[in-house]
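Listed below, chain by chain, are the residues.
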Amino acid sequence: MDKQLKEFFFAEQEQGRLKFETFPEYTDRLGQSVALFPSGDLPDPIFDLLETSNYISFAHGLKLGLRLKQWAEG
């Protein structure tokens, strides 16, 4: 299931249906994070943490949505 969720997560990003950059708070926080590093690039561990947290948020939202759908139908 985890592999399928990750594939779905990346597919949603690639197809433009999941754009974190459209949320001003996300863009602001990302800008603040990048500003902490003089090179302007996030180090790999920080980038990986960001990507993982985005995936966890997506997975949680998807699972919550499915539970809400079951509850509403039940």
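Everything below is about the structure shown above.
Residues numbered from 1 in each chain as written. Predicted model: local features only at pLDDT ≥ 70, side-chain atom pairs only at ≥ 80, totals over all residues. Heavy atoms only, no water.

Draft legend 1. Region of the structure containing the packing of aromatic side chains. Taken as a whole, this structure holds six aromatic pairs when the rule is applied. Seen in terms of ring centroids, Phe 9 and Phe 10 are 5.1 Å apart; in terms of plane orientation they differ by 65°. Their pairing is edge-to-face. According to the relative accessible area criterion, Phe 9 is buried, its value standing at 0%. Between Phe 9 and Phe 20, the ring centres sit 6.4 Å apart and the planes meet at 55°, which makes this aromatic pair tilted. Pair noted here: Phe 9 is in helix 1 (residues 2-14) and Phe 20 is in the loop between helix 1 and helix 2 (24-35), with a separation of eleven residues, a long-range link. Classification of Phe 20 by relative accessible area gives buried; the value is 13%. Joined through ring pairs, the aromatic side chains of Phe 8, Phe 9, Phe 10, Phe 20, Tyr 26, Tyr 55 and Phe 58 make up one cluster. Here Lys 6 stacks its cationic end above the ring of Tyr 55, 5.3 Å away from the centre of that ring. (Phe/Tyr/Trp six-rings, centres within 6.5 Å; stacked < 30°, edge-to-face > 60°. Buried < 20%, exposed > 50% of the residue type's maximum accessible area, 1.4 Å probe, protein only. Helix = DSSP H or I, 4+ residues; strand = E, 2+ residues; numbered from the N terminus. Lys NZ or Arg CZ within 6 Å of the ring centre and 35° of its normal.)

Draft legend 2. Quick peek at the side chain of Glu 12. Locating Glu 12 in the fold gives a position in helix 1. Accessibility expressed as a relative area gives 11% for Glu 12, which makes it buried. At a separation of 2.9 Å, a polar atom in the side chain of Glu 12 contacts the side chain of Arg 17. If we ignore the near neighbours within four places in the chain, the residues touching Glu 12 are Arg 17, Leu 18 and Phe 58. (Polar contact = N/O pair within 3.5 Å; in protein donor to acceptor, adjacent residues only side chain to side chain. Contact = heavy atoms within 4.5 Å.)

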